[in-house]
Amino acid sequence: MIFTRKNKLFLLKLLSLFSVVRGYNILIIVLAQYLTSIFILAPNIRLRDVVLDPNLLVIVLASAGVIAAGYIINNFYDREKDLINRPQKTMLDRLVSQQTKLTNYFLLNFLSVVLASYVSFRAVLFFALYIFGIWLYSHKLKKYPIIGNMVASVLAITPFFAVFIYYKNFDEVIFVHATFLFLMLMIREMIKDLGNLIGDMAQNYKTVPVVYGELASKRIISALIFTSGLPIYLLLTAYEIGFMDLYFYGCLVLLFIFLIALWMSKGKAHYVWLHNILKLIIVAGTFSIILIDVNMILDRILW
């Protein structure tokens, strides 16, 4: 196949749109929702029944649509700041016009609400509030210290609450897992603020490092790391999590290295490395869910 200039431009625009909506992140979240449903929220339901559940599929698709739309509106509001903090990515993202981005934003949100209506009116209300929360965060709340970080972390775990509510599983261990994930996301958001310090100052974003300084940010992050030790301790000692305990032992090592590196970090490149460590912890946590009960996989396939 011969690629004309028009075809190449079209492919670049598709790549640009994929970059804007963070397609790789959405794929991880979709996988995490299914693995959480199979191994944590609905461990007593046949694997086939969970995977082929049309309601769960609709919830996952609606979540993916809202998340993609959220990345679009966030990109829309942050275009000037991102031009300073991430110039190369921003130039790629700008291959898609602002009008096209907004059109896709409304279309994705509309389709997500329509999909949610297949499940129930409560699902429609849930996703409508989720959409509003993302817009409010992107438009206003992200510019405020601590509040912006907390809201971003809550919005990041909201897709898991969607399947949590669907299965009505209220076991304590689920809240402990959620607490650990929330703390990791909070730390990640604060590391991002440290890396984006120049752009945030230029655009008058009132983040923690802008208002209180880098030292205060490092102290808060350190406190969050020590706090994360509590859910890790509970998961390792009070609950049966199978071979997933290997993941949490690994987290303790990585967080110890992270804490030392944090206080040695002095520039954007260092904060990028710290951010990558947190991404590794979060993504590895998604795949390690299957370690909760390895035997369950074969048993449930055979049901």
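Scroll up a little and you will see the structure.
Residues numbered from 1 in each chain as written. Predicted model: local features only at pLDDT ≥ 70, side-chain atom pairs only at ≥ 80, totals over all residues. Heavy atoms only, no water.

## Let's talk about the overall build of the protein chain
And then number 1: When helices and strands are counted, the protein chain shows 16 helices and zero strands.
And then number 2: The globule rule puts the C-alpha radius of gyration for 303 residues at 19 Å, and the 20 Å found for the protein chain is close to it.
And then number 3: For the protein chain, the proportion of its 303 residues judged to be buried stands at 45%.
And then number 4: Pairs at least 24 residues apart make up 78% of the contacts formed inside the protein chain by residues separated by at least 6 positions.
And then number 5: Computing the positive centroid from 27 side-chain charges and the negative centroid from 16, the protein chain places the two 13 Å apart. (Helix = DSSP H or I, 4+ residues; strand = E, 2+ residues; numbered from the N terminus. Rg over C-alpha atoms; globule rule 2.2 N^0.38 Å. Buried < 20%, exposed > 50% of the residue type's maximum accessible area, 1.4 Å probe, protein only. Contact = heavy atoms within 4.5 Å. Lys, Arg positive; Asp, Glu negative; His and termini not counted. Charge placed at Lys NZ, Arg CZ, Asp CG, Glu CD.)

## Some details on the side chain of Ser63
And then number 1: Looking at where Ser63 falls in the secondary structure, it is placed in helix α4 (residues 54-77).
And then number 2: The contacts of Ser63, once residues within four sequence positions are left out, are Gln33, Phe127, Pro159 and Ala162.

## Digging into the packing of aromatic side chains
Two numbers describe a pair of aromatic rings. These are the distance of the centres and the angle of the planes.
And then number 1: In total, this model carries 10 aromatic pairs according to the counting rule given.
And then number 2: A centroid spacing of 6.5 Å and a plane angle of 90° characterise the contact between Phe180 and Tyr247, whose relative ring orientation is edge-to-face. A residue pair is termed long-range when its members are at least 10 positions apart, and Phe180 in helix α10 (residues 172-195) and Tyr247 in helix α14 (residues 245-264) qualify at 67 residues.
And then number 3: Among the residues examined, Phe180 registers a relative accessible area of 6% and is labelled buried.
And then number 4: For Tyr247, a relative accessible area of 11% translates into the label buried. (Phe/Tyr/Trp six-rings, centres within 6.5 Å; stacked < 30°, edge-to-face > 60°.)

## Things to note about the environment of Leu215
And then number 1: In this structure, Leu215 sits in helix α13 (residues 214-237).
And then number 2: Look at Leu215 and you get partly exposed, because its relative accessible area is 45%.
And then number 3: Spatially, the C-alpha atom of Leu215 lies 8.9 Å from that of Trp263, the residues being 48 residues apart in sequence.

## Some points on the pattern of salt bridges
And then number 1: Taken as a whole, this structure holds three salt bridges when the rule is applied.
And then number 2: A salt bridge links Arg188 to Glu189; the nearest nitrogen and oxygen atoms lie 3.4 Å apart.
And then number 3: Overall, the relative accessible area of 7% leaves Glu189 in the buried class.
And then number 4: Look at the salt bridges and you will find they share partners, linking Arg188, Glu189 and Lys192 into a network. (Salt bridge = Lys/Arg side-chain N within 4 Å of Asp/Glu carboxyl O.)

## A few points about α4
And then number 1: A rise of 1.5 Å per residue sets the reference length of α4, with its 24 residues, at 34 Å; its end C-alpha atoms lie 35 Å apart and thus fit the reference within 8%.
And then number 2: Where burial is concerned, most of α4 is hidden: 18 out of the 24 residues are buried.
And then number 3: If you check the start of α4, you find a side-chain oxygen 3.0 Å away from the backbone N of Asn55, and it comes from Asp53. (Expected span 1.5 Å × (residues − 1). Polar contact = N/O pair within 3.5 Å; in protein donor to acceptor, adjacent residues only side chain to side chain.)

## Focus on the environment of Tyr239
And then number 1: Relative to the helices and strands, Tyr239 is located in the loop between α13 and α14.
And then number 2: Taking C-alpha positions, Tyr239 is 6.8 Å from Val173, a pair spaced 66 residues apart along the chain.
And then number 3: If near-sequence neighbours (up to four positions away) are discounted, Tyr239 is found in contact with Glu172, Val173, Val176 and Leu234.

## Quick look at unusual backbone geometry
And then number 1: Phi is positive for Ile146, which is not a glycine, with a value near 65°.
And then number 2: Within the secondary structure, Ile146 sits in the loop between α8 (121-139) and α9 (147-167).
And then number 3: Of the residues examined, Ile146 reaches a relative accessible area of 30% and is grouped as partly exposed.

## Points about the packing of α8 against α9
A pair of packed helices is captured by two measures, namely the crossing angle of their axes and the spacing between those axes.
And then number 1: Here α8 crosses α9 at 165°, and the two axes come no closer than 10 Å. With respect to α9, the element α8 is oriented roughly antiparallel. For the pair α8 and α9, the crossing hand works out as left-handed. Contacts from Phe126, Phe127, Tyr130, Gly133, Ile134 and Tyr137 of α8 reach α9 at Gly148, Val151, Ala152, Leu155, Thr158, Pro159, Phe161, Ala162 and Ile165.
And then number 2: In terms of residue class, the contact of α8 with α9 is built from 12 nonpolar, three polar and no charged. (Axes fitted to C-alpha atoms, helices over the stretch in contact; angles between N-to-C directions. Parallel < 35°, antiparallel > 145°, perpendicular 65-115°, else oblique. Left-handed = near helix turned anticlockwise from the far one by under 90°. Nonpolar A, V, L, I, M, F, W, Y, C, P; charged D, E, K, R; others polar.)

## Concerning α13
And then number 1: Helix length check: α13 (24 residues) gives 35 Å between terminal C-alpha atoms against 34 Å at 1.5 Å per residue, within 8%.
And then number 2: Taken residue by residue, α13 has Ser217, Lys218, Ile221, Ser222, Leu224, Ile225, Ser228, Pro231, Ile232 and Leu235 as its buried positions.
And then number 3: Its buried side turned inward, α13 meets α10, α12 (208-211), α14 and α15 (268-288).

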